[in-house]
Each structure stands twice: as C-alpha cells, then as structure tokens.
Amino acid sequence: MAGSENPLIYMLRKENASGLGISGERLQRALEELRAWEGEHGSDGPRHAELEKVAADRLYSYVVQREACGLFLHDGVLAAYQVPNRLIARMGAS
C-alpha cells in the first residue's frame, strides 16, 4: 500500500485493476475466437454474427471498465488488441 493512502481507496483501486485485467482477457479471447472463425469460415452466417456480437459486447465492457479506472483514452489499447473498426462501431449496440 502506498504511504498514507486510505486502505479502502487502495482496495477499490486494486479491485478495479483486477476487473480491468479480467475484462481485457475476455476481450482478447473473444477476438481470437472471431478471428479463428473468420480464418476458417469467412465472415458470413449466424455463427459469425454471434461471435461478432460477443466480441462487441466484450469490447464495450472493457471500455466501461477502463473508464471506471479513470482511463479515457482508448486508441492505444484498441490498436494493441487489433480491434476491427466494425466492432468499435457496434460497441454497446444490440
């Protein structure tokens, strides 16, 4: 724990960071599944649509979690995860 930081604040920050890591891992897995499907089957059909929706939902969750941690600039991580623009456009949409 850092110096005189309030123990409750420290625990909340630690929990936020943990949640962000979990959310990032879930996003990464969803993107990997989507890319694997596209590599084998292309980008048409109901299974592809389902995988794309899951990836867009996970992206939305990840961005919300980042913002809950006070991180509002997402371009760098979107590039690092190689998130397709079509998923960014769908983020949060049903």
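Each chain carries its own residue numbering, running from 1 in the direction its sequence is written. Reporting of local features is limited, given that this is a predicted model, to residues whose pLDDT is at least 70; pairs of side-chain atoms are given and counted only at 80 or more, and all residues count toward the totals for whole chains, interfaces and linings. Neither water nor hydrogens contribute to the side-chain values; these are computed over all heavy atoms in the structure.

Asker: Looking at this model, I keep getting lost on the nonpolar core. Mind explaining?
Answerer: Generally speaking, soluble globular proteins have nonpolar side chains that are buried together. We call a set of buried residues a nonpolar core when its members are Ala, Val, Leu, Ile, Met, Phe, Trp, Tyr or Cys and they connect through side-chain atoms within 4.5 Å of each other. Burial classes: relative accessible area under 20% of the type maximum marks a residue as buried, over 50% as exposed, and values in between as partly exposed (1.4 Å probe, protein chains only). Judged by nonpolar contacts, the single largest core of 16 residues is most densely connected at Leu31, Leu59, Tyr81, Val83 and Leu87. Those elements giving two or more residues to this core turn out to be α1 (7-41), α2 (46-68) and α3 (75-80). Only DSSP runs of H or I covering at least 4 residues are called helices, and only runs of E covering at least 2 are called strands; the numbering of each starts at the N terminus.

Asker: Please explain α1 as it appears in this structure.
Answerer: Each α-helix winds once per 3.6 residues, and so residues spaced three or four apart point in a common direction. By this rule the span expected of a helix is its residue count minus one, scaled by 1.5 Å. Between the first and last C-alpha of α1 there are 51 Å, a value that for 35 residues agrees with the 51 Å anticipated at 1.5 Å per step. Looking at α1, one finds that the buried residues are Leu20, Ser23, Gly24, Leu27, Ala30, Leu31 and Leu34. Here, residues are in contact when the closest pair of their heavy atoms is within 4.5 Å. Against α2 and α4 (85-90) lie the buried residues of α1. Backbone geometry just after α1 places Gly42 at a positive phi near 90°.

Asker: I'm lost on the side chain of Glu52 in this one. Help?
Answerer: Counting through the fold element by element, Glu52 comes out in helix α2. Pairs of N or O atoms within 3.5 Å make up the polar contacts considered here, provided that, within protein, one atom can donate a hydrogen while the other can accept it, and that residues adjacent in sequence are counted only when both atoms are side-chain atoms. Within the structure, the side chain of Glu52 is placed 2.5 Å from the side chain of Arg86, a separation counted as a polar contact. Those residues within four positions of Glu52 in sequence are excluded, and the remaining contacts are Leu34, Glu38, Arg86, Leu87 and Arg90.

Asker: Mind showing me how you'd approach the packing of aromatic side chains here?
Answerer: Given two aromatic rings, their pairing is described by the distance between the two centres and the angle made by the two planes. Think of it this way: a Phe, Tyr or Trp ring, Trp meaning its six-membered ring, pairs with another when their centres are within 6.5 Å, and the plane angle makes it stacked under 30 degrees, edge-to-face over 60, tilted otherwise. All chains considered together, the criterion is met by 1 aromatic pair. Pairing Tyr62 with Tyr81 gives two aromatic rings, centres 5.4 Å apart and planes at 75°, and the pair type is edge-to-face. Placement of Tyr62 in helix α2 and of Tyr81 in the loop between α3 and α4 is noted, with a sequence separation of 19 residues between them. Since its relative accessible area comes to 6%, Tyr62 is described here as buried.

Asker: For this particular structure, what's the right way to read the environment of Ala30?
Answerer: Within the secondary structure, Ala30 sits in helix α1. Spatially, the C-alpha atoms of Ala30 and Glu52 are 8.3 Å apart, while their sequence positions differ by 22 residues.

Asker: Can you help me understand the environment of Trp37 in this one?
Answerer: Within the secondary structure layout, Trp37 lies in helix α1. Distance from Trp37 to Ser23, taken between C-alpha atoms, is 21 Å for residues 14 residues apart in sequence. Ignoring anything within four residues of it in the chain, the contact list for Trp37 reads Gly42, Asp44, Arg47, His48 and Leu51.

Asker: How do you make sense of the pattern of salt bridges when you look at a structure like this?
Answerer: Close approach of charged atoms allows side chains of opposite charge to pair. For this document, the term salt bridge refers to a Lys or Arg side-chain nitrogen within 4 Å of an Asp or Glu carboxyl oxygen. Applying the stated criterion across every chain, the model contains 5 salt bridges. In this structure, the salt-bridge partner of Arg86 is Glu38, at a minimum N-O distance of 2.4 Å. Of this pair, Arg86 sits in helix α4 while Glu38 sits in helix α1; the two residues are 48 residues apart in sequence, bridging distant segments of the chain. Since its relative accessible area comes to 36%, Arg86 is described here as partly exposed. Classification of Glu38 by relative accessible area gives partly exposed; the value is 24%.

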